[in-house]
Amino acid sequence: MDGQDKDMPVAEVVVVVGDCSAQDARAVLDLLERSFPAEPAVGGGAEGGSAATVWSATFDAAKPAAPAEGRAAPVRLDDAVSVTLQGGPRAVERVQAALVGNFKVEGMGSVSGDQEREIGLRVRS
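Keep in mind it's a predicted model, so treat the numbers as computed, not measured.

Because an α-helix packs 3.6 residues into every turn, residues spaced three or four apart end up facing the same way. Counted at 1.5 Å a residue, the expected span for helix 4 (residues 89-100) with its 12 residues is 16 Å, and the 16 Å between its end C-alpha atoms agrees. Of all the residues in helix 4, the buried ones are Ala91, Val92, Val95, Ala98 and Leu99. Relative to the axis of helix 4, the buried residues are bounded by an arc of 120° and lie together on one face. Considering only its buried residues, helix 4 is in contact with strand 1 (12-18), helix 2 (22-35), strand 3 (81-87), strand 4 (104-112) and strand 5 (117-124).

As a further point, take the environment of valine 14. Structurally, valine 14 is set in strand 1. A sequence separation of 42 residues divides valine 14 from serine 56, and the C-alpha atoms of the two residues are 7.0 Å apart. What valine 14 contacts, discounting residues up to four positions off in sequence, is Ala57, Thr58, Thr84, Leu85 and Gln86.

Nonpolar side chains in soluble globular proteins tend to end up buried together. Core analysis: the largest hydrophobic core is formed by 29 residues, its most contacted members being Val15, Val17, Val28, Leu32, Val83, Leu85 and Leu99. Breaking this core down by element, the ones donating at least two residues are strand 1, helix 2, strand 2 (54-60), strand 3, helix 4 and strand 5. With residues near it in sequence (within four places) discarded, leucine 99 still touches Val28, Leu31, Leu32, Val83, Leu85, Val105 and Leu121.

What counts, and where the lines are drawn
- Residues numbered from 1 in each chain as written.
- Predicted model: local features only at pLDDT ≥ 70, side-chain atom pairs only at ≥ 80, totals over all residues.
- Heavy atoms only, no water.
- Helix = DSSP H or I, 4+ residues; strand = E, 2+ residues; numbered from the N terminus.
- Expected span 1.5 Å × (residues − 1).
- Buried < 20%, exposed > 50% of the residue type's maximum accessible area, 1.4 Å probe, protein only.
- Arc of directions from axis to C-beta.
- Contact = heavy atoms within 4.5 Å.
- Core = buried A, V, L, I, M, F, W, Y, C linked by side-chain atoms within 4.5 Å.

Put into structure tokens, the structure is as follows:
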């Protein structure tokens, strides 16, 4: 059990975006992809097609991008976006901080477990 605990991906955060247009979902996920760039061959990427109502991606929040890398032009959303973050407490805090640094963020509730945290957010430009 000791070796397994160390190898668990505690920095992974599942991000689910919904209640918005595909364009707004892509804007939020693109920002997070720049903030937490995936290492080659690790994957990540958003899931959801043209008819999707929910988009999701998994980010490794262990190594946030350097401030200059994660920040580009301000991201504009047409409307408010619902975002759910789920993962290890510190990793969730890092992803939430990236959103707070780029959007107006309102907390919509949270659930905490032993090793995992889930929070609901409402994000606006």
